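One-letter residues, chain by chain:
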Amino acid sequence: MELVLSAEDTAFRDDVRAFLKDKLPQEIAAKAGSGFRLSKDDHVRWQKILFEKGWMAPGWPIELGGTGWTAMQKHIFDEECALAGAPMVIPFGVTMVAPVIMAFGTQAQKDRYLPRILRSDDWWCQGYSEPGSGSDLASLRTKAVRDGDHYVVTGQKTWTTLAQHADMMFTLVRTSDSGKQQEGITFLLIDMKSPGITVQPITTIDGSAEINNVFLDDVRVPVGNRIGEEGKGWTYAKYLLGHERTSIAAVGRSKAQLRRLKAIAGAEASGDGTLIDDPDFALRLAQIEIDLLALESLVLRALYAETAGKPPGPEASFLKIKGTEVQQGLTELLVEAVGPYAAPFQPEAFRQDNWNEEPVGPDYAPALAPLYFNWRKASIYGGSNEIQKNIIAKTVLGL
Amino acid sequence: MSFAFTDDQQLLADSAARFLTDKYGFDARRTVMTAEDGWSREMWRSFADMGWLALPLPENYGGLGGSTVDLAILMEDFGRHLVVEPYLATVVLGAETIARAGSDDQKAEILPQVAEGKLTLAFAHGEPAGRFDLARIAAAAARQDGGWVLSGHKAVVHHAQTADRLIVSARTSGQTADRDGITLFLVDPQAPGVALRPYPTIDGLRAADVILDGAVVPDSDVLGEVDAALPVIEQVVDRALVALSAEAVGAMDATIALTGEYLKTRQQFGRPLAAFQVLQHRMVEMLAAKEFARALCYRAAGAMDDTTGVERARAAAALKSETGRAGKRIGQDAIQLHGGMGMTDDMAVGHYFKRMTMIDVQFGNAAYHLRRFAGLS
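What counts, and where the lines are drawn
Residues numbered from 1 in each chain as written. Chains lettered and ligands numbered in written order. Predicted model: local features only at pLDDT ≥ 70, side-chain atom pairs only at ≥ 80, totals over all residues. Helix = DSSP H or I, 4+ residues; strand = E, 2+ residues; numbered from the N terminus. Rg over C-alpha atoms; globule rule 2.2 N^0.38 Å. Buried ≥ 20, exposed ≤ 12 C-beta atoms within 10 Å, placed from the backbone. Contact = placed C-beta atoms within 7 Å. Domains from an automatic or database assignment. Nonpolar A, V, L, I, M, F, W, Y, C, P; charged D, E, K, R; others polar. Core = buried A, V, L, I, M, F, W, Y, C linked by C-beta atoms within 7 Å. Expected span 1.5 Å × (residues − 1). Bend = angle between axes of the 7 residues up to and from the residue. Axes fitted to C-alpha atoms, helices over the stretch in contact; angles between N-to-C directions. Parallel < 35°, antiparallel > 145°, perpendicular 65-115°, else oblique. Left-handed = near helix turned anticlockwise from the far one by under 90°. pLDDT = per-residue confidence, 0-100.

A few points about the overall build of chain A
Move 1: A tally of helices and strands in chain A yields 13 helices and ten strands.
Move 2: What you see for chain A is a C-alpha radius of gyration of 22 Å, in line with the 21 Å of a compact globule of 399 residues.
Move 3: Viewed in the frame of its principal axes, chain A has a C-alpha envelope of about 75 × 50 × 50 Å.
Move 4: Here chain A holds 399 residues, and the buried ones make up 39% of them.

See below:
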């Protein structure tokens, strides 16, 4: 057992830092750092910079544009990006649908979609959940009926994140009602400009509109856009879930958030001193820092197993639950840190950077309560934490 | 960076698991617990034969020079089998203190005997009013020709009654909570002026309160520098926190396994308890608590050997805090999931619960180490 970073990994980390210092646009990092929402252009601009460096798709095979990094190097890269305030790479294309296309797609699909994903030419969204199918996803009812060389798709997808920007949607549709629910599901790639698609924003409790309803009304999708076989979509979707599990823990993002929390607690007055010296707050800060250390320790173990080519151990199952608990705990403390200035609702202060008025209260405050409310989603999406526990009870504990 | 055990570490883990599974069953332990000493000298000789007593000791003095990770591997298995022998007192605390602070003569005299299983030690540091603060020492040592006269009260000294030597801390200068002014002494428990009040502990071990009243210690039995023992004590205790946490993790592991088996066997409402989702989720939370404590444990073990000062202290404090929280939660839930059966002394689960609970109060509980961690941030 050897628990310090190797010389090779230290050198790699220094390379990543140098690249970020040199290439990460200051205005984007500053926006992200002060809690401004990033625009589609901000994300695409950053992803194209990564592409030019050859670092857009660290998890891909080298011949398709990957980096050949070890699992540890990918982790170091994610962490350095987060600490530098780089935008999160939007995962729907590069880390979600791309591995499925690589594993189960036709050569034509690979040739068409993978280079466009790598260059961020297409923005992808995920069409899984439906109004009647949340945790029980296999009950989904959006129907695809074969008509010659096309499927005709009708139904509704919901909670579709950033669908308003999307060029493509990967989706699960029902092609059969007989047999087991799971066996009648097919995986389709749908062009969002197809006639019959309507995207309707859903305003969430934080006042933002990043999720959407996507209505499909007799949308014609070429059969060539089907992944693999008809009726095998559930298998492909499960394959997707098994990919890049360690990144779901978001250790780097949470480290950056903890740093921000400490800075704010150090600036907020409390009694004769600042909040960071308040014994009660200090203990809660210490507790979440320990939780984050424990999470990171487990991530490192899982990364080691991945690098050594071992199957993920039981620890990997906990990364989503603990990772989201830590993220939510940090946003909760951020809200508490600013006290009454959590309340003023000034979305202009963090939604656009051309707002010229002074915010009421400290400039870091307006974004915090929306952040807290927004992050309640984390324990619900990607298989709710309760579903994760069902899976662990069955697969790890054998109950 | 690597989280894999080396071949030697895997061998240690395998041989410990094999030996203890074979020789250290629940019933054998109960017999030993109730015998006069509260532990088995025959078992202790076997530990010596296995090389476990020599494991973390320096190679110059009959040891194997093992790392803290090696120690954690062994302690995890001790926890899984609820070992009652004085390993922590003798090897992890006692011998380690001598290895760090002792003179060449002291090390040469004592450490090889520890490795061979011929001599046991006890660590008489904590005091009734000290709680968990390692610097809060009121016991006093007064200078006398060629030596020192000790007086004071040492609280809950594990395995003192059977120890051949006590390692006693006492104040040679300064006020009760000062960092400077603490000195370590090797004390013969049979010497005049040393009185022991022995008792069993609720988790199946033995301990004693030690009353020092005019005990005379020659200069040759001063351990390390006069007035400057605290940094040594802190290093030794931080390493012991890792060892104790590893023991707790082993106990958590066994507790979860026992509880899982029970849920699969016990039938109510026409189906096994394991089929109830509310119980499944509780088990998953117990498992998560153990996995996180274990991950922190081996990381902290690495930090003990690789880092010094604040980094080492932070790693130990984070770990012990998490261990305390996890142990309490897993223990309480395991009893609850066992229902009435969990309350009976005949079931092993209660014994694990008691050990995990008492590990929390050894060298600082979860709340203490959380505060300590906050102070180090």
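Concerning the overall build of chain B
Move 1: Along its length, chain B carries eleven helices and ten strands.
Move 2: Along the longest, intermediate and shortest principal axes, the C-alpha atoms of chain B span 80 × 45 × 40 Å.
Move 3: Taken across its 377 residues, chain B has 56% of its residues classed as buried.
Move 4: Considering only contacts in chain B between residues 6 or more positions apart, those separated by 24 or more positions represent 74%.

Considerations on the domain arrangement of chain B
Residue and element names in this part refer to chain B.
Move 1: By domain assignment, chain B separates into domain 1 (7–120), domain 2 (122–227) and domain 3 (231–375).
Move 2: Once you take the C-alpha centre of each, domain 1 and domain 2 turn out to be 23 Å apart.
Move 3: Taken together, the contact pairs 17 residues of domain 1 with 15 residues of domain 2.
Move 4: Ranked by residues supplied to the side of domain 1 that touches domain 2, first place goes to helix H5 (residues 87–101) with seven residues.
Move 5: Along the lines of polarity and charge, the residues of the side of domain 1 that touches domain 2 split into ten nonpolar, six polar and one charged.

Notes on the environment of B:Glu109
Move 1: Inspection of the secondary structure puts B:Glu109 in helix H6 (residues 104–115).
Move 2: Spatially, the C-alpha atom of B:Glu109 lies 14 Å from that of B:Ala54, the residues being 55 residues apart in sequence.

Quick notes on unusual backbone geometry
Residue and element names in this part refer to chain B.
Move 1: The residue Val-156 is not glycine, and still its phi comes out positive at about 45 degrees.
Move 2: Mapped onto the elements, Val-156 comes out in strand E3 (residues 147–158).
Move 3: Its 19 C-beta neighbours within 10 Å are what place Val-156 among the partly exposed residues.
Move 4: Of note in the backbone geometry, Phe-363 takes a positive phi value of approximately 55 degrees without being a glycine.
Move 5: Tracing the sequence through the fold places Phe-363 in the loop between helix H10 (348–360) and helix H11 (366–376).

What to know about the interface of chain A and chain B
Move 1: Of the residues lining the interface, 34 residues belong to chain A; the matching set on chain B comes to 33 residues.
Move 2: Among the elements of the structure, helix H9 (279–307), helix H10 (318–337) and helix H13 (385–395) of chain A are those that each provide at least two residues to the side of chain A that touches chain B.
Move 3: Looking at the side of chain A that touches chain B element by element, the count peaks at 14 residues for H9(A).
Move 4: Looking at the side of chain A that touches chain B residue by residue, the classes come out as 24 nonpolar, three polar and seven charged.

Focus: the nonpolar core
Nonpolar side chains tend to gather and get buried jointly when the protein is soluble and globular.
Move 1: B:Ala72, B:Phe185, B:Val242 and B:Cys297 are the most contacted members of the largest nonpolar core, which has 228 residues in total.
Move 2: Setting aside residues up to four positions removed in sequence, B:Phe185 forms contacts with B:Ala141, B:Trp148, B:Leu150, B:Val168, B:Ala170, B:Val217, B:Asp221, B:Val222 and B:Leu223.

Overview of helix H5 (residues 91–104) of chain A
All names here are of chain A.
Move 1: Helix length check: H5, at 14 residues, gives a terminal C-alpha distance of 19 Å against a target of 20 Å (1.5 Å per residue), a fit within 8%.
Move 2: When the local axis directions of H5 are compared, the greatest deviation, roughly 40 degrees, occurs at Val-97, which is followed within four positions by the proline Pro-99.
Move 3: The complete set of buried residues in H5 reads Phe-92, Gly-93, Val-94, Val-97, Ala-98, Val-100 and Ile-101.
Move 4: Contacts from the buried residues of H5 go to helix H6 (107–118), strand E1 (124–127), strand E4 (168–174), strand E8 (226–227) and helix H7 (233–241).

Points about the packing of helix H7 (residues 230–265) of chain B against helix H9 (residues 309–338) of chain B
Each pair of packed helices can be summarised by the angle the axes make with each other and by the distance between the axes.
Residues and elements named next belong to chain B.
Move 1: Contact geometry for H7 and H9: axes closest at 9 Å, N-to-C directions at 25 degrees. On the basis of the axis angle, H7 is roughly parallel to H9. Here H7 and H9 pass one another in a crossing that is left-handed.
Move 2: Residue composition of the contact of H7 with H9, grouped by class: 14 nonpolar, seven polar and three charged.

Examining helix H8 (residues 251–267) of chain A
Residue and element names in this part refer to chain A.
Move 1: Its 17 residues place the ends of H8 24 Å apart at the C-alpha level, agreeing with the 24 Å of an ideal helix rising 1.5 Å per residue.
Move 2: Along H8, the residues that are buried comprise Val-251, Gly-252, Arg-253, Ser-254, Ala-256, Gln-257, Leu-261, Ile-264 and Ala-265.
Move 3: Buried residues belonging to H8 abut helix H4 (71–84), strand E10 (273–274), H9 and H10.

Observations regarding the confidence of the model for chain B
Move 1: When pLDDT is averaged across chain B, the result is 96; 99% of the residues are at 70 or more.
Move 2: For this predicted complex, the interface confidence reaches an ipTM of 0.87, while the overall pTM sits at 0.90.

Regarding the environment of A:Leu140
All names here are of chain A.
Move 1: Relative to the assigned elements, Leu-140 resides in the loop between E1 and strand E2 (143–147).
Move 2: Look at Leu-140 and you get buried, because 25 C-beta atoms sit within 10 Å.
Move 3: Along the sequence, Leu-140 and Ile-185 sit 45 residues apart, while their C-alpha atoms lie 8.4 Å from each other.
Move 4: Contacts of Leu-140, omitting those with residues within four sequence positions, involve Glu-130, Ser-133, Leu-172, Arg-174 and Ile-185.

A word on the packing of H5(A) against H7(A)
Residues and elements named next belong to chain A.
Move 1: For the pair H5 and H7, interaxial distance at closest approach is 9 Å and the crossing angle is 125 degrees. With respect to H7, the axis of H5 lies oblique. For H5 against H7, the interelement crossing comes out right-handed. Taking contact as the criterion, the partners of Met-96, Pro-99, Val-100, Ala-103 and Phe-104 in H5 are, on H7, Tyr-236, Tyr-239 and Leu-240.
Move 2: Among the residues forming the contact of H5 with H7, the class breakdown is eight nonpolar, no polar and no charged.

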